[in-house]
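An overview of the molecular structure
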Amino acid sequence: MMITALLAASILPAQVDAGAILSKMFAYNYDATSLAGTISMSQTIGQKKATITTRVQYELPAKIYIRQDLQASYGNKTWLVTGDGEGFTYDPPTTGLESNSKNRLYEPVQYIPKPSGNKLEKPPTPPPPLDCKGIYSVVVRSIGDRTLPLDIAFARAEDLKFIKNQLATYKYERDELVAGVNCHLISGDWRDYGLAPVSGKFNIWISEDGQLKRFARKEHVSLDQQHVEGDVITVWEVNLTRNSGVDQSLFKIVY
């Protein structure tokens, strides 16, 4: 009987640790020296639909490119972030679809504080130069789709911690193919932030080596002023490659 039980146990599928899979995803891009690819978002509520296509790439220490193109029934818009390693430009934060391309902001990677003018005072010590993660923290309020897949791509420690708290519960469901890649499907309850009540459900597909390949979220919303109520279903298809060739021609200042 004991031998039979041992043989039976040996042929049972191994238990998949959902937490370990998520941890592998959080760590995947943390030490990346470069990254390039696309994130395609589609969002529906009832008969309304919007899509945002993100092209993103970066190269350490401070070269960055993010372009997002929105297409929706209510209008289209483009957001752009560019950096050449010495400085970076981005659109000022706005709401709605108004154009802000003529008012782009420029910041240097290395901030040099101005001296006080008092010769007896020691000149102020400049802060460390911004790297790609630091630049991302500056520009995230100026893009259209700042969500889990893009945060995972840049892998700032603060953002990864925030995402971990958004996943209120999680469990392994099964393995599925996404774009020809075998992935672990993790599902669970979603919340906007760590102490918020659960407001939706999520599914996340992660490859064996930790790549995020797809993320889907379902939330119920009620917007009285816009006469909109229903389930908002958002899906992100992720196709990013770390530590590979990037297009150097995109790393330029665009005013």
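All values derive from a computational prediction rather than experimental measurement.

What follows is about unusual backbone geometry. In the segment running from Leu-60 into Pro-61, the intervening peptide bond is cis, with an omega of 10°. On the secondary structure map, Pro-61 appears in the loop between β2 (48-59) and β3 (63-72). We note that Ala-155 has phi near 55°; this positive angle belongs to a residue other than glycine. Looking at the secondary structure, you find Ala-155 in the loop between α4 (148-154) and α5 (157-166). For Ala-155, a relative accessible area of 0% translates into the label buried.

Quick look at helix α2 (residues 18-28) now. Note that an α-helix has 3.6 residues per turn; residues three or four places apart therefore point the same way. Restricting attention to buried positions, one finds in α2 the residues Ala-18, Ile-21, Leu-22, Met-25, Phe-26 and Tyr-28. Seen from one end, α2 has its buried residues packed into an arc of 160°, which puts them on one side. Two to three positions downstream of the cap, the backbone nitrogen of Gly-19 sits 3.0 Å from a side-chain oxygen, assigning the N-cap of α2 to Asp-17.

What follows is about the packing of aromatic side chains. All chains considered together, the criterion is met by seven aromatic pairs. Pairing Tyr-58 with Phe-154 gives two aromatic rings, centres 4.9 Å apart and planes at 35°, and the pair type is tilted. With a gap of 96 residues between them, Tyr-58 in strand β2 and Phe-154 in helix α4 connect regions that are remote in the sequence. Summarising the burial analysis for this pair, Tyr-58 and Phe-154 share the class buried. Here the aromatic rings of Phe-88 and Tyr-90 are separated by 5.8 Å at their centres, their planes lie at 25°, and the arrangement is stacked. Residue class for Phe-88 comes out buried when judged on its relative accessible area of 0%. Taking the relative accessible area as the measure of exposure, Tyr-90 reaches 6% and is therefore buried. Among the aromatic side chains, those forming a connected cluster through ring pairs are Trp-190, Phe-202, Phe-215 and Trp-236. The lysine or arginine in question, Arg-242, covers the ring of Tyr-28, its NZ or CZ lying 3.7 Å from the ring centre.

For strand β4 (residues 75-84), the tally of buried residues reaches seven of ten residues, placing the bulk of the element in the interior. Bridge analysis of β3 against β4 gives ten bridges, and the strand direction is antiparallel. Considered in β4, the bridge of Ala-72 is made with Gly-75. Taken together, β3 and the strand that follows it, β4, pair antiparallel across an intervening segment of two residues. In this structure, β4 lies alongside strand β5 (residues 87-90), joined through three bridges in antiparallel fashion. Bridge pairing in β5 places Val-81 opposite Tyr-90.

Formed by 48 residues in total, the largest nonpolar core has its most connected members in Phe-154 and Ile-204. What Ile-204 contacts, discounting residues up to four positions off in sequence, is Leu-22, Met-25, Leu-148, His-184, Leu-185, Ile-186, Leu-212, Arg-214 and Phe-215. The next biggest cluster of nonpolar side chains, apart from the first, holds six residues, and it includes Ala-36, Tyr-65, Val-246 and Leu-250.

Before going further, it helps to spend a moment on the pairing of β3. Sheet topology places β2 next to β3; ten bridges connect them, and they run antiparallel. Each bridged residue has a counterpart across the sheet, and for Thr-51 the counterpart in β3 is Gln-71. The turn linking β2 back onto β3 is made up of three residues.

Another point: a nonpolar patch on the surface. A contiguous nonpolar surface patch, about 380 Å² in accessible area, is contributed by Phe-162, Tyr-193 and Leu-195. Relative to the elements of secondary structure, Phe-162 occurs in helix α5.

Here we come to the pattern of salt bridges. Taken as a whole and assessed by the stated rule, the structure comprises 15 salt bridges. In this structure, Glu-173 and Lys-171 form a salt bridge, with 3.8 Å as the shortest nitrogen-oxygen distance. Taken together, the salt bridges that share partners define one network made up of Arg-146, Asp-151, Arg-156, Glu-158 and Asp-159.

Take the environment of Leu-195 next. Here Leu-195 shows up in the loop between β8 (181-190) and β9 (200-207). Note on Leu-195: relative accessible area 82%, which makes it exposed. In sequence terms Leu-195 and Gln-166 are 29 residues apart; their C-alpha atoms lie 8.8 Å from each other.

For helix α3 (residues 132-139), the set of buried residues is Cys-132, Gly-134, Ile-135, Tyr-136 and Val-139. Residues of α3 that are buried in the fold lie against β2, β3, β4, β5, α4 and α5. At the N-terminal end of α3, a side-chain oxygen is found 3.2 Å from the backbone nitrogen of Lys-133, two or three residues along, and the residue is Asp-131.

The rules we used
- Residues numbered from 1 in each chain as written.
- Predicted model: local features only at pLDDT ≥ 70, side-chain atom pairs only at ≥ 80, totals over all residues.
- Heavy atoms only, no water.
- Helix = DSSP H or I, 4+ residues; strand = E, 2+ residues; numbered from the N terminus.
- Buried < 20%, exposed > 50% of the residue type's maximum accessible area, 1.4 Å probe, protein only.
- Arc of directions from axis to C-beta.
- Polar contact = N/O pair within 3.5 Å; in protein donor to acceptor, adjacent residues only side chain to side chain.
- Phe/Tyr/Trp six-rings, centres within 6.5 Å; stacked < 30°, edge-to-face > 60°.
- Lys NZ or Arg CZ within 6 Å of the ring centre and 35° of its normal.
- Pairing = 2+ DSSP bridges.
- Core = buried A, V, L, I, M, F, W, Y, C linked by side-chain atoms within 4.5 Å.
- Contact = heavy atoms within 4.5 Å.
- Patch = residues over 30% accessible without salt bridge, like charges linked within 9 Å, V, L, I, M, F, W, Y side chains within 5 Å.
- Areas by Shrake-Rupley, 256 points an atom, 1.4 Å probe, with all protein chains shown as cover.
- Salt bridge = Lys/Arg side-chain N within 4 Å of Asp/Glu carboxyl O.

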